[in-house]
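Okay, here's what each chain looks like letter by letter:
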Amino acid sequence: MQTIGGDLTEKSLRAHLEGLPGVDAVGLTARAASLGTRSIKTTSKARALDTIIGLIDLTTLEGADTPGKVHSLVAKAMTPDPSDMSTPRVAAVCVYGDMVPYAVAALGPDSGINVAAVATAFPSGRASLAVKLADTKHAVSAGADEIDMVIDRGAFLSGRYGVVFDQIVAVKEACRRDDGTYAHLKVILETGELNTYDNVRRASWLAILAGGDFIKTSTGKVSPAATLPVTLLMLQAVRDWHKLTGERIGVKPAGGIRSSKDAIKYLVTVAETVGEEWLQPHLFRFGASSLLNDVVLQRQKLSTGRYSGPDYVTVD
């Protein structure tokens, strides 16, 4: 396997990951529940809603996706609420690799919205490394700003940490553009398949050690997807890494976050765990397809005093 600084071998990687302290599951869930009960006043809620919008990766990942659907997604990303042009734009649109050219063309050069592409045989990750790297390179060459890769959960769960590490390193290198810059790499752990909090902690550290720019909970195709306790645990890993190295790693909960109320719980958890400086698109994202609708409706309610109803937002 690869080495970092010449001293990270399979043996040392295993020793590090298996030497991490066990997760206090009761304490973790209690802490997440406590953070989820924090109330937010009206003025703070308005700011929170705008913050949420600016952190969304607006997503369509269906086998029936078409260029037309991607164009509609981009229009929604750029103008979430046509009745209020002060509404912020989302952080990114997230699509399959073959849809990247259509997203890039629809966004144009100055939208301020990134294009994220899922890769590496998403969502299963069941493919050879050569296929995974080709998948990644194709999306990057098509103009993807970000790559959301999935780890090999089978390798991880069977203790082959070096295999997972080396694949992340290789995919990171495949994110390299012709000009020497890199597309940002989000590493999807698929926490719903990792079975234990201890495994989530190990997978988080593994992804960070291998060079991931973000750690992401889920593909959205497996239940459970994002949960507050799991996201809290991943934020703790990011916090501890920052304390050790000074490097900031992003976190992306994805799948199942549909309401403003739930999204605000995640904002509070981020602020209380790693600090409000993490509430920026390069350090925190929501992976979602329907969350934006609810946030827009809540935003309209604050400004008009009444709910507009679902007919006033686009249907996903």
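I will try to describe carefully the structure that is included in this document.

Rules used in this analysis
Residues numbered from 1 in each chain as written. Predicted model: local features only at pLDDT ≥ 70, side-chain atom pairs only at ≥ 80, totals over all residues. Heavy atoms only, no water. Helix = DSSP H or I, 4+ residues; strand = E, 2+ residues; numbered from the N terminus. Buried < 20%, exposed > 50% of the residue type's maximum accessible area, 1.4 Å probe, protein only. Contact = heavy atoms within 4.5 Å. Areas by Shrake-Rupley, 256 points an atom, 1.4 Å probe, with all protein chains shown as cover. 1 Å grid on protein atoms, 1.4 Å probe; cavity = no way out; pocket = protein on both sides within 12 Å on 5 of 7 lines; lining within 4 Å. Points joined across faces, edges and corners; volume = space filled by probe spheres on them. Expected span 1.5 Å × (residues − 1). Arc of directions from axis to C-beta. Salt bridge = Lys/Arg side-chain N within 4 Å of Asp/Glu carboxyl O. Axes fitted to C-alpha atoms, helices over the stretch in contact; angles between N-to-C directions. Parallel < 35°, antiparallel > 145°, perpendicular 65-115°, else oblique. Nonpolar A, V, L, I, M, F, W, Y, C, P; charged D, E, K, R; others polar. Pairing = 2+ DSSP bridges. Right-handed = clockwise from strand over helix to strand, strands pointing away. Polar contact = N/O pair within 3.5 Å; in protein donor to acceptor, adjacent residues only side chain to side chain.

A word on the overall build of the chain. Broken down by element type, the chain carries 12 helices and eight strands. Taken across its 316 residues, the chain has 50% of its residues classed as buried. Contacts spanning at least 24 positions in sequence make up 75% of the contacts within the chain whose residues lie at least 6 apart. With an accessible surface of roughly 13600 Å², the chain has 52% of that area assigned to carbon and sulfur atoms.

Of the voids in this model, the second largest pocket is the one considered here, and its volume is about 330 Å³. What lines the second largest pocket is a set of 14 residues, and nearest its centre among them are Ile40, Arg47, Ala48, Glu276 and Leu279. Those elements that place two or more of their residues in the lining of the second largest pocket are helix H3 (42-54) and helix H11 (260-273).

The terminal C-alpha atoms of helix H6 (residues 129-141), which comprises 13 residues, lie 18 Å apart, in line with the 18 Å expected from a rise of 1.5 Å per residue. Looking at H6, one finds that the buried residues are Lys132, Leu133, Thr136, Ala139 and Val140. Each buried residue of H6 lies within a common arc of 130° when the element is viewed along its axis, so the set occupies one face. More than 90 degrees from the buried face of H6, the exposed residues found are Ala130 and Ser141. Looking at the packing, one finds that the buried side of H6 touches helix H5 (100-107), strand S3 (114-118), strand S4 (146-150) and helix H8 (161-174). Of the residues flanking the end of H6, it is Gly143, one or two places downstream, whose phi is positive at about 115°.

Enumeration over the complete set of coordinates arrives at 19 salt bridges. Where Glu146 meets Arg285, a salt bridge forms, and the shortest distance between an N and an O atom there is 2.7 Å. Of this pair, Glu146 sits in strand S4 while Arg285 sits in the loop between H11 and strand S8 (286-288); the two residues are 139 residues apart in sequence, bridging distant segments of the chain. Here Asp262 makes a salt bridge to Lys265, at a shortest N to O gap of 3.7 Å. With a gap of three residues between them, Asp262 and Lys265 both fall in helix H11, about one helical turn apart. Via salt bridges that share partners, Asp57, Glu146, Asp148, Lys186, Lys216, Lys252 and Arg285 belong to a single interconnected network.

Moving on, we come to the packing of helix H2 (residues 25-35) against helix H10 (residues 228-245). Contact geometry for H2 and H10: axes closest at 9 Å, N-to-C directions at 105°. As summarised for this structure, H2 and H10 are arranged roughly perpendicular, according to the angle between their axes. In this structure, H2 contributes Leu28, Thr29, Arg31, Ala32 and Leu35 to the contact, and H10 contributes Leu228, Pro229, Leu232, Leu233 and Gln236. Split by residue class, the contact of H2 with H10 holds seven nonpolar, two polar and one charged.

Time to look at the pairing of strand S5 (residues 184-188). Among the five residues of S5, four are classified as buried, and the element is accordingly described as predominantly covered. Here S4 pairs with S5 via five bridges, running parallel. Across the sheet, the residue bridging to Val150 is Ile188, located in S5. Examined bridge by bridge, S5 and strand S6 (residues 214-216) share three bridges and lie parallel to one another. Bridge assignment links Val187 to a residue of S6, and that residue is Ile215. In this fold, the crossover linking S5 to S6 by way of helix H9 (residues 197-209) has right-handed handedness.

Considering the arrangement of structural elements, one finds Lys186 in strand S5. Here the side chain of Lys186 touches Glu146 through a polar contact of 2.5 Å, side chain to side chain. Look past the residues within four positions of Lys186 in its chain and what remains in contact with it is Asp57, Ala116, Glu146, Ile147, Asp148, Met149, Phe214, Lys252 and Arg285.

With that out of the way, let us pick up the sheet that holds S8. Taking strand neighbours across the sheet as the criterion, the eight strands line up as S7-S6-S5-S4-S3-S2-S1-S8 in an open arrangement whose pairing is parallel. Two strands in the sheet have a free side with no partner beyond their single neighbour: strand S7 (250-252) and S8. Across the sheet, the mean angle separating the axes of adjacent strands is 25° when strand polarity is ignored. In this structure, strand S1 (residues 56-59) lies alongside S8, joined through three bridges in parallel fashion. Bridge assignment links Ile56 to a residue of S8, and that residue is Phe286. Strands S6 and S7 of the sheet are contacted by H10, whose axis makes an angle of about 170° with S7.

What follows deals with the environment of Phe156. You can see Phe156 is positioned in helix H7 (residues 153-157). Judged by relative accessible area, Phe156 falls into the buried class, the value being 2%. The spacing of Phe156 and Arg202 is 46 residues in sequence and 9.5 Å in space, taken between C-alpha atoms. The residues contacting Phe156, other than those within four sequence positions of it, are Ile151, Tyr161, Val164, Leu194, Asn199, Arg202, Ala203 and Leu206.

In short, geometric facts, not functional conclusions.
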